[in-house]
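The lines below spell out each chain.
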Amino acid sequence: MATATSDAPRVETKRGTCPICGVGCFVETKLVDGLPVSIRPDRTAGFPADCPRAGQAIAYHDHRERVNFPMKRAGKRGEGKWERISWDQALDEIAAKLAALRESHGPESVLAMGGSYKGAGDASCWRWANLWGTPNVLYQGKNCGEAELLSEWAVYGDQTCIGNAPVPGVTRCYVLWGVGGAMSLASQRKNLKAYREAGGKLIVIDPRRTDLAEMADIHLQLRPGSDGALAYGMLNVIIAERLYDADFVAKWCSGFDALAEAVSAYTPERVAQLTWLAPEDIVAAARMFATNTPAHIPFGLGTAELGKATTAAVFGKTYLRAITGNLDVPGGAKFAPPPSSTRLIEEMHWDRLIDHPQRTRDNIGAHIWPIASVRGLKAYRQAMARVHPKGAGPSIYNVVIAPAAIAPAILDGDPYPVKAWILQGGNPLVSLSDARRLHEAMLSDNLELSVNMDHWMTPCGQLADYVLPATDGLERPLVNNMWGFGDSFTAAPRTVEPRHERRDDYQLWRELGNRLGQQGYWPDSLEEWFDWVLEPSGTSQAQLAGQDVPWLIGGTEERRYERTGFATASGKVELSSDLLAGLGYAPIPPVEEPAWSPERTPELCADFPLVLTSGNALKWYYRSQHKHLEKMRQQHPYAQVTLHPDTAADLGIAQDAMVWVETPMGRVRQQAKLDPTMHPRVVHADSHMWYPERAAEGDAHYGVWESNINAILPDGADYADYAGDNYMRALLCRVYPVDQSPV
């Protein structure tokens with residue numbers, strides 16, 4: 001007879017990572033007979049999964065609509081007809097088509113693309129692309145950190161904007177510029193509170209009165225798209241009042257006189273007119289930042305998606321960090337060291353891409369945006385070589401293509417044809433601008449191969465030729481920071497074996513690589529590759545994951561430039577950038593208005609009188625993800641547009657009414673929400689919204705055009721910034737009830 005003990009279920013708890021998104025926050029998972037039944041944040045690991053989405057991890061992992069088996073299109077693209085096939089059949093057919101396209105159109109005819117951060121899956125894709133010889137890679141980091149990173153690397157050769165939190169009791173001023181609400185800083189909330197309690201100053205620059213703005217000493221509620229003017233105006237005050245670090249500027253900066261001349265026209269009075277701020281508030285913010293050092297301005301997504309207005313905004317922030325002497329000092333704008341305790345940079349094979357014997361062309365956007373290209377990568381590496389001989393850790397930001405380059409390459413062969421698209425964990429019809437043009441390209445017969453690997457069937461997946469099932473965070477091991485930000489890594493073990501036929505993304509690229517001439521480059525498993533990457537540090541993935549605090553942190557250095565000089569060609573902070581000039585840009589970018597704005601296009605503003613911004617983080621969703629999760633949808637079931645009550649009253653709009661949000665490119669339907677803290681001339685529209693429960697309308701699936709603000713936002717050389725990033729904020733629109741015509 002079996003004992004009671006032998007009949008009892010086997011219960012255990014394992015440390016791992018949350019499956020909800022790719023960030024890799026730590027969780028403890030309770031398993032019963034090997035199956036996950038509940039998850040809670042692991043607060044011992046240093047990066048716990050604290051967000052509301054993490055509570056839905058089991059629902060995500062087990063969801064009935066997960067993609068679990070490889071599928072091949074059985075009808076026309078977009079028709080929704082599929083047949084289940086084996087992994088071997090899918091990989092053999094995909095590899096055969098890629099080989100044929102390389103022979104007929106070159107390796108550059110293949111585009112590899114992904115969504116937000118996915119860790120090792122992203123890095124696997126990039127190394128495959130570099131070994132293959134295609135410079136055509138796009139990830140959502142393009143529309144996130146690229147513009148600001150490239151500005152920092154051009155001016156002082158290192159990045160400070162990502163990863164630097166205020167140090168309580170050390171940092172004296174912290175400027176959250178375009179950061180959004182506290183959900184955007186979910187992992188830093190406790191630290192930010194401690195910083196404020198220690199007396200640190202806080203400046204928030206945001207068109208919305210967010211919860212972070214409520215914490216601030218100064219909130220500058222500027223007109224969306226006037227950020228560059230504000231940055232140059234603050235520089236004007238700091239230079240005119242001699243509040244900059246004169247010794248640092250004299251010893252370590254070149255081009256200061258040129259910068260002073262460039263910002264001289266941006267007086268507080270002029271900037272006040274452009275930004276809708278009071279002159280005295282602009283002056284107060286400049287003085288607070290310059291006289292409370294060490295200080296820092298971290299990355300803010302809001303300044304990265306302003307189109308033409310982004311360039312001066314991100315360079316203005318870079319200049320502000322530099323001339324106030326805040327570079328690489330404790331509590332200030334500390335330089336992130338390269339990931340040199342590992343062989344991560346070498347494993348990406350950027351040198352192979354630069355000198356690939358089969359690559360004859362730069363990427364498809366290089367002729368318009370040369371700073372984001374192989375040519376740009378070479379220029380940055382040459383400038384950094386004395387200090388960073390292997391280039392930057394996150395070198396992917398040097399080469400990611402402009403989204404606007406994709407459709408012309410597929411539809412028109414401009415500047416050359418893209419014939420294959422491999423999409424990994426992304427949903428570009430929802431996350432990129434000018435989405436209808438992209439939809440046309442994805443349906444085109446010119447695109448001879450379309451592959452999608454994901455957790456879910458998405459609007460993009462329904463247009464693919466093959467859909468492949470991906471593992472989630474419970475089903476794969478982790479080494480974090482595979483994008484190369486800094487020299488710190490975390491690790492976690494695989495919690496459970498993959499369900500059904502899900503595979504980790506590494507295996508997709510490994511299997512394709514081994515079929516296409518990359519034998520010997522790909523260890524058999526993700527764990528083995530992690531071990532190889534980590535080997536120089538003296539640890540393995542399993543050893544690191546098994547530590548009580550599973551962090552590998554390399555050495556740090558303060559004011560490294562005193563020993564090495566800055567990582568620029570001159571060894572100084574180049575306020576007037578020779579690198580920019582060499583690539584055909586102004587060495588100090590001029591302030592530009594967005595393509596659509598009250599200042600630049602007043603005639604358009606007469607018909608579309610409201611300034612439109614979008615993309616604020618929602619705690620229920622991570623960008624385009626999690627729309628399948630019932631409890632998240634209950635909290636935020638429909639896309640919302642937020643406007644001032646007085647504006648709504650003038651337009652005949654009531655709370656929760658359905659309205660049209662219309663731009664010159666078309667209109668989408670959203671639900672009105674009234675907020676008295678909004679500026680009366682500004683509205684905010686939710687982005688990334690789609691509805692998995694919606695039936696297909698022709699070849700458009702899951703309500704992709706119903707509320708998707710990116711379907712009515714423009715893209716291209718006339719709209720994008722200096723690197724080709726999407727123009728998603730600071731546009732013009734009108735809003736009116738769905739049962740009425742525009743006023």
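Basis of the calculations
Along each chain, the written sequence defines residue order, and numbers are assigned to residues from 1. Per-residue local features of the predicted model are confined to residues with pLDDT of at least 70, and side-chain atom pairs are confined, for both listing and counting, to 80 or more; whole-chain, interface and lining totals are unaffected and use all residues. Hydrogens and water molecules were not included; the side-chain quantities draw on all heavy atoms of the structure. The way it works is that DSSP assigns letters per residue, a run of H or I at least four long becomes a helix, a run of E at least two long becomes a strand, and they are numbered from the N terminus. Taken over C-alpha atoms, the radius of gyration is set against a globule rule of 2.2 Å times the number of residues to the power 0.38. Think of it in three bands: residues with accessible area under 20% of the maximum for their type are buried, residues over 50% are exposed, and the middle band is partly exposed, with areas taken using a 1.4 Å probe on protein chains only. In this analysis, rings of Phe, Tyr and Trp, with Trp reduced to its six-membered ring, are considered paired at centre separations within 6.5 Å, and the interplanar angle assigns stacked below 30 degrees, edge-to-face beyond 60, and tilted for intermediate values. Any carboxyl oxygen of Asp or Glu that lies within 4 Å of a side-chain nitrogen of Lys or Arg is treated as forming a salt bridge with it. Disulfide assignment relies on a single distance test, namely cysteine sulfur atoms paired within 2.5 Å. Whether two strands pair depends on DSSP finding at least two bridges between them. Axis definition: a line fit to C-alpha positions, over the contact stretch in the case of helices; interaxial angles, taken between N-to-C directions, run 0 to 180 degrees. We call two directions roughly parallel when the angle between them is under 35 degrees, roughly antiparallel when it is over 145, roughly perpendicular when it lies between 65 and 115, and oblique otherwise. Take the far helix as the reference: if the near one is turned anticlockwise from it by less than a right angle, the crossing is left-handed, and if turned clockwise, right-handed. Note on contacts: a residue pair qualifies if any of its non-hydrogen atoms lie within 4.5 Å across the two residues. Each residue is assigned to one class: nonpolar for Ala, Val, Leu, Ile, Met, Phe, Trp, Tyr, Cys and Pro, charged for Asp, Glu, Lys and Arg, and polar for all the others, Gly among them.

Visitor: Hey, could you run me through the overall build of the chain in this one?
Guide: For the chain, the count of helices and strands is 28 helices and 25 strands. Relative to the 2.2 N^0.38 estimate, which gives 27 Å for 743 residues, the radius of gyration of the chain is 25 Å and therefore close to what a compact globule would have. For the chain, the spread of C-alpha atoms along the principal axes amounts to about 85 × 65 × 65 Å. For the chain, buried positions account for 64% of its 743 residues.

Visitor: Explain the packing of aromatic side chains here, please?
Guide: Aromatic ring pairs are described here by two measures, namely the spacing of the ring centres and the angle between the planes. This model, assessed by the stated rule, comprises 31 aromatic pairs. Measuring from ring centre to ring centre gives 5.7 Å for tryptophan 252 and phenylalanine 566, while their planes differ by 75°; the resulting arrangement is edge-to-face. Of this pair, tryptophan 252 sits in helix α9 (residues 246–252) while phenylalanine 566 sits in the loop between α24 (561–564) and β19 (573–574), placing them 314 residues apart in sequence. With a relative accessible area of 14%, tryptophan 252 lands in the buried category. Exposure remark for phenylalanine 566: the relative accessible area of 0% places this residue in the buried category. When the centroid spacing of 4.5 Å and the interplanar angle of 10° are considered together, the rings of tyrosine 561 and phenylalanine 566 count as stacked. Taken as a pair, tyrosine 561 and phenylalanine 566 share a single burial class, namely buried.

Visitor: Mind showing me how you'd approach the pattern of salt bridges here?
Guide: Side chains bearing opposite charge may pair, as long as their charged atoms lie close to each other. Tallying each qualifying case throughout the model produces 47 salt bridges. In this structure, aspartate 62 engages arginine 499 in a salt bridge whose closest nitrogen and oxygen atoms are separated by 3.1 Å. Separated by 437 residues along the polypeptide, aspartate 62 in helix α2 (residues 57–62) and arginine 499 in the loop between β17 (488–492) and α21 (505–515) bring together distant segments of the chain. A residue is classified by how much of its surface remains accessible, and arginine 499, at 31% relative accessible area, is partly exposed. Across the pair glutamate 475 and arginine 502 runs a salt bridge, and its minimum N-O distance is 2.9 Å. Pair noted here: glutamate 475 is in the loop between β15 (466–469) and β16 (478–479) and arginine 502 is in the loop between β17 and α21, with a separation of 27 residues, a long-range link.

Visitor: Is there a simple way to explain the state of the cysteines in this structure?
Guide: When the sulfur atoms of two cysteines share a covalent bond, that bond is a disulfide. Per the stated rule, a full pass over the model turns up zero disulfides. No disulfide involves cysteine 733; its nearest neighbouring cysteine sulfur is the one of cysteine 605, lying 10 Å away.

Visitor: Help me understand the sheet that holds β17, please; the structure alone is not making it clear to me.
Guide: Strand pairing in a sheet relies on backbone hydrogen bonds, with the paired strands running either antiparallel or parallel. Reading across from one edge, β16-β17-β18 is the order of the three strands in this open sheet, with antiparallel pairing throughout. At either margin of the open sheet sits one strand with a lone partner, and together these are β16 and β18 (551–553). With two bridges joining them, β16 and β17 adopt antiparallel strand pairing. Note that in β17 the partner of leucine 478 across the bridge is alanine 492.

Visitor: Looking at this model, I keep getting lost on the packing of helix α8 (residues 227–240) against helix α10 (residues 256–263). Mind explaining?
Guide: If you want to describe how two helices pack, look at the angle between their axes and the distance between the axes. Packing of α8 against α10 brings their axes to within 9 Å, and their N-to-C directions diverge by 120°. Taken together, the axes of α8 and α10 are oblique relative to one another. Where α8 crosses over α10, the handedness of that crossing is left-handed. Across the interface between the two elements, Tyr232, Leu235, Asn236 and Ile239 from α8 touch Phe256, Ala260, Ala262 and Val263 from α10. Considering only residue class, the contact of α8 with α10 consists of seven nonpolar, one polar and no charged.

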